[in-house]
Amino acid sequence: MWSLLCLFVGANALQTAPSPKVGQRGMTAAGEIGPTQFHLEPRPLTPKLQEAWDTNTHPVERQDELGNGVFLSDDWRRAWYTYAEDGVIDPETGYANYIIDEIDGKLPDDLVGTLYRNGGGKFGVNDQRVAHVLDADGLVLQITIPPPGKTREVRLQSRFVVTKGFQEELEANRFVQRGTFGTGPMGDAPGKGIDADPTEASALTKLKERAFKTNIKNTANTQIVAVGGK
């Protein structure tokens, strides 16, 4: 299970399994520094980052090194994986309900209540990935922290937001609506996998499948508010 510390980072930070050990990283074999607007191609790791990669530790950074936009491609990708874990999370609904059994440190006595978070959680349909992470379907998390007592169990519950677009694409097993940031029907184009790079639609596919689709999908992945006691 995830630790309580990572749960408070937000919905997107939860879309990975527990931290990988050395040799278990999925997207790159040796690691790379991810591309940015100033460095359009991936770069090899610096000696300091390579040592951290090999030992599965966090590199020590000086103050003047912060803010340079250096990150590992693999770590960034894992933050945008579809919310899933075998035996814990229902892959179709995103439903989960369990006790957080790993807590870093001690919960303050006055930390009591329910925390809700919403963010992108389902990053595609079948083997097709969304063109942009902001086109992902919403995932709502509920973390409940009871007052101190004999048994103080912190509980996590979650579920994907079932919008009309979500339901239609679940039933069709493919994209059927256009997204705000470039996602749309792909025709018969094969996908690379829901957590791989998105497939680029051909000009013909965009014309045939998207040109006359003016309804933009509501992904419901931005905010959550309490209304009428719910």
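Residues numbered from 1 in each chain as written. Predicted model: local features only at pLDDT ≥ 70, side-chain atom pairs only at ≥ 80, totals over all residues. Heavy atoms only, no water.

Enquirer: I would appreciate a short explanation of the pattern of salt bridges in the present structure.
Expert: One pass over the structure, following the stated rule, counts six salt bridges. Residue Asp109 pairs with Lys106 through a salt bridge whose shortest N-O separation is 3.8 Å. Three or more residues are tied together by salt bridges with common partners; here these are Asp137, Glu169 and Lys217. (Salt bridge = Lys/Arg side-chain N within 4 Å of Asp/Glu carboxyl O.)

Enquirer: Help me understand the sheet that holds strand 6 (residues 155-160), please; the structure alone is not making it clear to me.
Expert: Across a sheet, strands are paired by hydrogen bonds formed along the backbone, either parallel or antiparallel in direction. Pairing in this open sheet of four strands is antiparallel, and the strands run 1-6-5-2 from one edge to the other. Each edge of the open sheet is held by one strand with a lone partner, namely strand 1 (96-99) and strand 2 (113-122). Averaged over neighbouring strand pairs, the angle between their axes works out to 15° when direction is ignored. For strand 1 and strand 6, the ladder comprises four bridges, and the chain directions are antiparallel. Note on strand 6: the bridge partner recorded for Ile99 is Arg155. (Pairing = 2+ DSSP bridges. Helix = DSSP H or I, 4+ residues; strand = E, 2+ residues; numbered from the N terminus. Axes fitted to C-alpha atoms, helices over the stretch in contact; angles between N-to-C directions.)

Enquirer: For this particular structure, what's the right way to read the nonpolar core?
Expert: In globular proteins that are soluble, nonpolar side chains generally tend to be buried together. In terms of nonpolar packing, the biggest core is built from 14 residues, with Tyr83, Ala96, Ile100, Ile143, Val154 and Leu156 touching the most fellow members. Breaking this core down by element, the ones donating at least two residues are strand 1, strand 5 (137-145) and strand 6. With four residues, the single largest contributor to this core is strand 5. By size, the runner-up hydrophobic cluster in this structure holds nine residues, among which are Trp80, Phe123, Ala136 and Met186. (Core = buried A, V, L, I, M, F, W, Y, C linked by side-chain atoms within 4.5 Å. Buried < 20%, exposed > 50% of the residue type's maximum accessible area, 1.4 Å probe, protein only.)

These values are about where atoms sit, not about what they do.
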